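Each chain is listed here by its residues.
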Amino acid sequence: MNPNPIPDPDQTEIREGDILFDCPHCGKNMAIEAAGAGLMVPCAACGKEVQVPIPDAATPEVPVAAVPRPPLDNGESPEETIRQLDAALAMANEQIDRLIAEKESLQERRAYLEQIRMANTARYEQIAAELATLQDALDRALVLLAEARAEKPA
Ligand SMILES: [Zn+2]
């Protein structure tokens with residue numbers, strides 16, 4: 001939904017209910033259908049985002065939500081209500097305890113895996129060092145072999 005620029009209000013078709021407003025950036029007069037109220041739209045002239053004003057008349061009266069009050073006489077004694085609340089609270093606390101225990105066990109598991117990872121890293125580094133030693137020995141052996149072949153009497 002884009003606003004129409006109004007170069008000349010007499011020439012532009014403005015329908016009943018259209019919202020007329022000015023771009024706050026460039027001052028261009030614009031019209032947009034009533035459904036655009038409150039939307040962010042690009043200004044037809046300067047392209048900047050403009051919030052379409054909400055006409056006062058169209059602003060619905062927002063009813064204040066009434067907080068429902070439980071009837072005092074609902075057949076349950078206050079003691080019974082308190083007992084039920086206590087039970088719900090106890091269940092919630094149990095659930096929190098379970099979640100804390102679960103979190104702790106996950107943290108332990110993570111620490112354990114981290115230890116394994118570090119031990120493996122150390123092993124891999126050791127293996128890499130051993131392979132480097134083997135490579136060096138192999139290189140030296142190949143040099144000796146090449147020398148031996150070169151010195152072989154023809
Ligand atoms: Zn503008």
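Along each chain, residues carry numbers from 1 onward, in the same order as the chain's sequence is written. Only residues with pLDDT of at least 70 get local features here, since the model is predicted, and only at 80 or more are side-chain atom pairs given and counted; chain-wide, interface and lining totals rely on the full set of residues. Derived side-chain values reflect all non-hydrogen atoms in the structure, with water molecules and hydrogen atoms excluded from consideration.

Student: What is the right way to look at the coordination of the zinc ion in this model?
Tutor: The expected angle between donors at a tetrahedral four-coordinate metal is 109.5 degrees. At an octahedral six-coordinate metal it is 90 or 180 degrees. Water is not among the atoms examined, so metal sites may look incomplete; donors are the N, O and S atoms within 2.8 Å of the metal, or within 3.2 Å for Na, K and Ca. All of the protein donors around the zinc ion are Cys23 (SG), Cys26 (SG), Cys43 (SG) and Cys46 (SG); their distances to the metal are 2.2 to 2.3 Å. Here a site with four donors is tetrahedral if all angles are between 85 and 135 degrees, and a site with four or six donors is square planar or octahedral if opposite donors are over 155 degrees apart and the other angles are between 65 and 115; anything else gets the irregular label. Angles of 106 to 115° at the metal separate the four donor atoms of the zinc ion, which places the site in the tetrahedral class. Between consecutive donor residues of the zinc ion, the sequence gaps follow C-x2-C-x16-C-x2-C. Any residue under 20% of the maximum accessible area for its type is buried, any over 50% is exposed, and the rest in between are partly exposed; the area is computed with a 1.4 Å probe on protein chains only. You can call Cys26 partly exposed: its relative accessible area is 39%.

Student: What exactly am I supposed to notice about the confidence of the model for the protein here?
Tutor: Any residue range with low pLDDT should be treated as having predicted coordinates unsuitable for detailed reading. For every residue, the predictor assigns a confidence score, pLDDT, that lies between 0 and 100. Here the protein shows a mean pLDDT of 83. Residues at 70 or above account for 81%. Helix numbering and strand numbering both begin at the N terminus, where a helix is a DSSP run of H or I of at least 4 residues and a strand a DSSP run of E of at least 2. Mean pLDDT values over the elements of the protein span from 69, in strand E1 (residues 4–5), up to 93, in strand E5 (residues 49–51).

Student: Help me understand the nonpolar core, please; the structure alone is not making it clear to me.
Tutor: Side chains of nonpolar character tend, in soluble globular proteins, to be buried together. By size, the foremost hydrophobic cluster in this structure holds nine residues: Ile19, Phe21, Cys23, Met30, Ile32, Val41, Cys43, Val50 and Val52. Of all the secondary-structure elements, those providing two or more residues to this core are strand E2 (19–22) and strand E3 (29–32). Nonpolar cores are built from buried Ala, Val, Leu, Ile, Met, Phe, Trp, Tyr and Cys residues. Side-chain atoms within 4.5 Å join them into one set.

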